[in-house]
Amino acid sequence: MKEASNSNELFKRAQHSIPGGVNSPVRAFRAVGGNPRFMVSAKGPYLYDEDGNQYLDLINSWGPMILGHAAEVVNEAVQKAIPNSLSFGAPTRKEVEIAELIVSMVPSIEKVRMVNSGTEATMSAIRVARGYTGRDKIIKFEGCYHGHGDSFLISAGSGAITLGVPDSPGVTKGTANDTLTAPYNNLEAVNILVEANKGQVAAIILEPVAGNMGLVTPQQGFLQGLRDLCDKEGIVLIFDEVMTGFRLAPGGAQEIYGVTPDMSTLGKIIGGGMPVGAYGGKRALMDYVSPAGPVYQAGTLSGNPIAMSAGMAMLNFLKDHPETYQQLERTTASMVAGMQQNMQQLGLSYTINRIGSMFSIFFTKEQVVDFETAKTSDTALFGRYFNSMLNRGIYLAPSQYEALFVSTAVTEELVEQYIQANLESLKEAQA
Ligand code: PLP
């Protein structure tokens, strides 16, 4: 590994003109120590930084690059679209086609609206739910992230029934009061919240598989329990599948768990690496969106032709190649099996959660089922492990509370390299 002198220099420069030197906070490496690496290019499984270092990438742009970087099928579609203008601000055939494709893939979606990010998708979805039900409150889960919309930057106070307090200055008390929070996987807490706020809850929103407190899967009956409760109380159930959509299966987590929400939000893979999000759901709900209905939502660049071309190429590939998911399952399972063997060899027993091509290692012995248990992780140890892996050319998410994403570009040989680096880094981090 070469000195990160160019990256360090750029990071120093960046502090003068960009808040914290980055355009999205976790990129700054504050949770793990050290300076971020500035990237120049990426191809297949690898990222290349300003100092000529190569890294095996296990973030994949936080999820979108499921086929690895610079996938030809996506790049070709983009190149083909560019000469026809970067944006029209008028409807196009591609928007119709991608909408039809999404409707055909995602069980809950009968109609869909394209936006420019996951944040826009979740903000818009709860606006629709509120407009449709005429109710103000929403329930979210501790440790779930739904982008940076004001309503979502709320954590539980002490106990599940307490009203939210803002996580971030700038979120008003009024907004916080309309966001109720419950522990993930705790149906009882949700029942109590709904009972205490009878007739006032517009939506329950969650990551059906949570990736933003590290990876946490839903326990048996949790998603179905929420579905039943929402049906009984007239609450709109929203699955935020910005991470899991097209990643766990062509139809996302809802396909795997067989529970269909009223609305879904999408992002990441749907843009193939371009800035795209989407929200969709039952016809009756989506017909509330302007100009069909009264709930306003718009976007200068929504449905952008280049972004739609990238997204279409990606989704068509995944739809036509279902074996992609079996490949990802095999690759990721062998990475995790290797890590487990390493831990056995070293007498360690940390927790690894995995589903499909998403996984997290938590530096705790506890089973991780919610944010409280995720927080038992030794984050200082994670920081040392992260840096050991980085020094061995493995690029992980720079925080304990993130999931890792595996791409189809990871070969068996790279799995072996990863497992070896994991063994050495586990040893080094304990010291
Ligand atoms: N929802 C989930 C589940 C996410 O993981 C994210 C981002 O990581 C978002 C929403 C926000 O998406 P974006 O960063 O595109 O605004």
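In this convention, every chain numbers its residues from 1, walking through the sequence in written order. Under the rules for a predicted model, residues below a pLDDT of 70 receive no local features and side-chain atom pairs below 80 are neither given nor counted, while totals for whole chains, interfaces and linings still include all residues.

An unreviewed UniProt entry annotates the protein chain as Glutamate-1-semialdehyde 2,1-aminomutase originating from Pontibacter saemangeumensis. UniProt positions are given in the numbering used here, feature names are shortened, and annotations may be inferred rather than shown by experiment. UniProt annotates the protein chain under Subcellular location (unreviewed entry) with the comment "Cytoplasm". Recorded under Pathway (unreviewed entry), the UniProt text for the protein chain is reproduced unchanged: "Porphyrin-containing compound metabolism; protoporphyrin-IX biosynthesis; 5-aminolevulinate from L-glutamyl-tRNA(Glu): step 2/2."

Engineer: Is there a simple way to explain the overall build of the protein chain in this structure?
Structural biologist: Within the protein chain, the secondary structure is distributed over 14 helices and 16 strands. Using C-alpha atoms as the atom set, the radius of gyration is obtained and then compared with a globule rule of 2.2 Å times the number of residues to the power 0.38. Whereas a compact globule of 431 residues would reach a radius of gyration of roughly 22 Å, the protein chain reaches 21 Å, a difference of no more than 12%. For the C-alpha atoms alone, the extent of the protein chain along its principal axes is close to 55 × 55 × 45 Å. Three exposure classes are used. Buried residues have 20 or more other C-beta atoms within 10 Å of their own C-beta, exposed residues have 12 or fewer, and partly exposed residues fall in between, all C-beta atoms being placed from the backbone. Counting across all 431 residues of the protein chain, residues that qualify as buried make up 49%. Pairs at least 24 residues apart make up 73% of the contacts formed inside the protein chain by residues separated by at least 6 positions. Starting at the N terminus, helices and strands are each numbered in turn, a helix being any DSSP run of H or I of at least four residues and a strand any DSSP run of E of at least two. What counts as a contact here is a pair of residues whose C-beta atoms, placed from the backbone, lie within 7 Å.

Engineer: Before we go on, may I ask you to explain the site of the ligand in this structure?
Structural biologist: The immediate surroundings of the ligand are formed by 16 residues, with Ser 117, Gly 118, Thr 119, Gly 147 and Val 242 found nearest. The element that contributes the greatest number of residues to the shell around the ligand is helix α4 (residues 118-133), accounting for three residues. Residues are grouped as follows: Ala, Val, Leu, Ile, Met, Phe, Trp, Tyr, Cys and Pro are nonpolar; Asp, Glu, Lys and Arg are charged; every other residue, Gly included, is polar. For the shell around the ligand, the class distribution of residues is four nonpolar, ten polar and two charged. Residues are classed as near a molecule or strand if the C-beta position derived from their backbone is within 6 Å of it.

Engineer: What is the right way to look at unusual backbone geometry in this model?
Structural biologist: Outside of glycine, negative phi angles account for most residues, and trans bonds account for most peptide bonds. Cis peptide bonds are those with omega within 30 degrees of zero, and the linkage from Ser 290 to Pro 291 qualifies with 5°. When you line up the elements, Pro 291 lands in the loop between α9 (283-286) and α10 (305-320). Phi is positive for Ser 61, which is not a glycine, with a value near 60°. Looking at where Ser 61 falls in the secondary structure, it is placed in the loop between β3 (54-57) and α2 (72-81). Given 17 C-beta atoms within a 10 Å radius, Ser 61 is considered partly exposed. A positive phi angle is found at Lys 268, which is not glycine, with a value near 50°. Here Lys 268 is to be found in the loop between β11 (263-266) and β12 (277-281).

Engineer: What should I look at first to understand the UniProt feature "modified residue: N6-(pyridoxal phosphate)lysine" (unreviewed entry) in the protein chain in this one?
Structural biologist: Here the UniProt feature "modified residue: N6-(pyridoxal phosphate)lysine" (unreviewed entry) sits at Lys 268. Using a count of 26 C-beta atoms within 10 Å as the deciding quantity, one classes Lys 268 as buried.

Engineer: How should I be thinking about the environment of Glu 110 in this particular structure?
Structural biologist: Residue placement: Glu 110 occurs in the loop between α3 (93-105) and β4 (111-115). Assessed through the 15 C-beta atoms surrounding it within 10 Å, Glu 110 is described here as partly exposed. Separated by 170 residues in the primary sequence, Glu 110 and Gly 280 have C-alpha atoms spaced 7.0 Å apart. Ignoring anything within four residues of it in the chain, the contact list for Glu 110 reads Val 103, Gly 281, Lys 282, Arg 283 and Met 286.

Engineer: Mind showing me how you'd approach the domain arrangement of the protein chain here?
Structural biologist: Interface extent is often summarised as the accessible area lost during association of the parts. Segmentation of the protein chain into domains returns domain 1 (5-70 + 322-430) and domain 2 (72-320). Domain start and end points were adopted from an automatic or database domain assignment. Look at where the C-alpha atoms of domain 1 and domain 2 centre, and you get two points 25 Å apart. Every contact between the two is made by 30 residues of domain 1 and, on the other side, 28 residues of domain 2. Elements with a contribution of two residues or more to the side of domain 1 that touches domain 2: α11 (323-346), β13 (351-355), β14 (358-362) and α12 (371-374). The leading source of residues in the side of domain 1 that touches domain 2 is β14, at four residues. Residues belonging to the side of domain 1 that touches domain 2 are distributed by class as follows: 18 nonpolar, eight polar and four charged.

Engineer: For this particular structure, what's the right way to read the confidence of the model for the protein chain?
Structural biologist: The predicted structure's coordinates, where accompanied by low pLDDT, should not be read in detail. Values of pLDDT, the confidence the predictor places in each residue, fall between 0 and 100. Confidence in the prediction of the protein chain, expressed as mean pLDDT, is 95, and 97% of residues score 70 or more. Across the interfaces of the predicted complex, the ipTM metric reaches 0.99, alongside a pTM of 0.97.

Engineer: Could you clarify how one ought to interpret the sheet that holds strand β10 (residues 236-240) in this entry?
Structural biologist: Strand pairs in the sheet, formed through backbone hydrogen bonds, run parallel or antiparallel to each other. Strand order in this open sheet of seven strands is β4-β12-β11-β10-β9-β5-β8, and the pairing throughout is mixed. Looking at strand neighbours, the two that pair on one side only are β4 and β8 (179-182), the edges of this open sheet. Neighbour to neighbour, the strand axes of the sheet diverge by 20° on average, direction disregarded. Across three bridges, strand β5 (residues 137-141) lies against strand β9 (residues 201-206) in parallel orientation. Two strands pair under a simple rule: DSSP has to find at least two bridges between them. Note on method: axes are straight lines fitted to C-alpha atoms, helices fitted across the in-contact stretch only, with angles between N-to-C directions ranging 0 to 180 degrees.

Engineer: Sorry if this is basic, but what is going on with the environment of Phe 386 here?
Structural biologist: Topologically, Phe 386 is positioned in helix α13 (residues 379-391). Its 25 C-beta neighbours within 10 Å are what place Phe 386 among the buried residues. Distance in space between the C-alpha atoms of Phe 386 and Thr 265 is 31 Å, their sequence separation being 121 residues. With residues near it in sequence (within four places) discarded, Phe 386 still touches Val 32, Leu 396 and Pro 398.

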